[in-house]
Amino acid sequence: MRTPYRRTETDMRYVERIRQAVLYLWSNLDRDLPLERLAEVACFSPYHFHRIYRGVMGETVFETVQRGRLHQAARRLSASDKPLEQIARGAGYGSLAAFVRGFGRHYGMTPGRFRAGAALRQSIVQESFMQTVQIQPHAEPMTLLLRRHQGDYMNIGIAFEDLMLRAMPHYRSETPARVFGLYYDDPDSVPVDRLRSAAAIAWSPDWPVPEGLAVLELPAGRYGVLRHTGPYSELSHSWRQLYCEWLPHSGEEPADLPCVEEYLNDPRTTPPMALETDLWVALK
């Protein structure tokens with residue numbers, strides 16, 4: 001993970017103003033997002049906003065917007081049979097042609113091919129996952145810094161962006177941060193507006209806790225871990241197989257802890273099909 005922040009008082013003021021623009025951006029991915037409006041939210045001149053944004057975020061506004069919109073589109077392609085034109089409009093694209101070009105650059109294939117391959121990728125997961133779940137002991141508890149999120153899990157990206165902007169200026173290690181997602185509810189049985197989750201990073205108990213964030217100790221113990229390779233939009237397939245197939249036949253009992261995902265590479269620099277995520281289930 002890149003940490004393009006300097007730890008100075010002036011930079012913290014800049015980071016807070018960019019954070020306001022990022023929160024607005026992620027809350028309005030399906031709308032037109034003119035640069036002038038984002039600059040206004042951040043209280044910067046439009047002449048300087050984009051350069052400051054890139055310096056703080058490590059990517060352009062366009063790259064942030066495209067990444068968020070295409071993640072949502074990929075989820076809809078995998079989970080529904082809605083027409084491509086409707087998915088393109090829902091992702092904020094003005095035309096199907098623009099959506100196809102943008103999706104192809106990011107995912108390395110057309111939206112239609114991605115949708116057609118979703119069932120095949122799911123069947124591959126189903127056939128191979130029994131051999132890939134590992135029982136991993138964790139001898140020491142881990143402290144996590146959390147930014148809580150309520151609502152659709154698909155929109156937790158806003159929590160991760162907010163967490164990184166608040167936390168990274170206080171991060172005291174030279175090693176890349178370990179990044180996690182915590183998911184407390186079953187999305188198939190809890191109304192979407194009541195789903196509880198949190199974006200998290202590993203944190204030292206000695207470091208300060210930024211205002212608005214919280215800490216949680218993930219206890220030591222045994223965890224069943226399944227590695228998922230591919231886009232985040234298809235993680236739900238691996239979770240279903242883990243709970244429907246592996247756990248009932250494993251002889252194990254789940255502990256009273258939320259589901260955990262550890263994201264092993266950076267979605268800003270890694271093609272979606274090459275993303276790796278470890279799924280953790282705490283065991284008694």
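Residues numbered from 1 in each chain as written. Predicted model: local features only at pLDDT ≥ 70, side-chain atom pairs only at ≥ 80, totals over all residues. Heavy atoms only, no water.

Chemist: How should the overall build of the chain be read in this particular structure?
Modeler: Looking only at helices and strands, the chain features nine helices and eight strands. Taken over C-alpha atoms, the radius of gyration comes to 19 Å for the chain, in line with the 19 Å a tight globule of 284 residues would show. Dimensions of the chain, computed from the C-alpha atoms along their principal axes, are close to 60 × 50 × 35 Å. Side chains of the chain give 33 positive and 34 negative charges; the mean places of these two sets differ by 6 Å. (Helix = DSSP H or I, 4+ residues; strand = E, 2+ residues; numbered from the N terminus. Rg over C-alpha atoms; globule rule 2.2 N^0.38 Å. Lys, Arg positive; Asp, Glu negative; His and termini not counted. Charge placed at Lys NZ, Arg CZ, Asp CG, Glu CD.)

Chemist: Please explain the sheet that holds strand β3 (residues 179-183) as it appears in this structure.
Modeler: Neighbouring strands of a sheet are bound in pairs by backbone hydrogen bonds; such pairs are parallel or else antiparallel. Taking strand neighbours across the sheet as the criterion, the eight strands line up as β1-β6-β8-β7-β3-β4-β2-β5 in an open arrangement whose pairing is antiparallel. A strand with exactly one partner marks an edge of an open sheet, and here the two such strands are β1 (134-138) and β5 (214-218). With strand direction ignored, the average angle separating the axes of adjacent strands in the sheet is 35 degrees. Pairing between strand β2 (residues 142-150) and strand β4 (residues 196-202): seven bridges, direction antiparallel. Pairing of Arg-148 across the sheet is with Ala-198, part of β4. Across the sheet, helix α9 (residues 235-250) is in contact with β1, β6 (221-229), β7 (259-263) and β8 (276-283); its angle to β8 comes to roughly 35 degrees. (Pairing = 2+ DSSP bridges. Axes fitted to C-alpha atoms, helices over the stretch in contact; angles between N-to-C directions. Contact = heavy atoms within 4.5 Å.)

Chemist: Even after reading the chapter, I still don't get unusual backbone geometry, so can you show me in this structure?
Modeler: A negative phi holds for most residues other than glycine; trans holds for most peptide bonds. Positive phi, normally seen in glycine, also occurs at Cys-43, with a value near 60 degrees. By secondary structure assignment, the location of Cys-43 is in the loop between α2 (35-42) and α3 (46-57).

Chemist: What is the right way to read the confidence of the model for the chain from this model?
Modeler: Regions with low pLDDT carry predicted coordinates that are not meant to be interpreted in detail. Looking at the chain, the pLDDT average stands at 87 and 92% of residues meet or exceed 70. Between residues 1-10, whose pLDDT stays under 50, and residues either more than four places distant or in other chains, the model counts 27 contacts. (pLDDT = per-residue confidence, 0-100.)

Chemist: Would you explain the packing of α2 against α3 in this entry?
Modeler: Geometry of a packed helix pair, given as the angle between the helix axes and the separation of the axes. At a minimum axis separation of 9 Å, α2 and α3 run at an interaxial angle of 80 degrees. Taken together, the axes of α2 and α3 lie roughly perpendicular to each other. In this structure, α2 contributes Leu-35, Glu-36, Leu-38, Ala-39 and Ala-42 to the contact, and α3 contributes Pro-46, Phe-49 and His-50. Partitioned by chemical class, the residues of the contact of α2 with α3 number six nonpolar, one polar and one charged. (Parallel < 35°, antiparallel > 145°, perpendicular 65-115°, else oblique. Nonpolar A, V, L, I, M, F, W, Y, C, P; charged D, E, K, R; others polar.)

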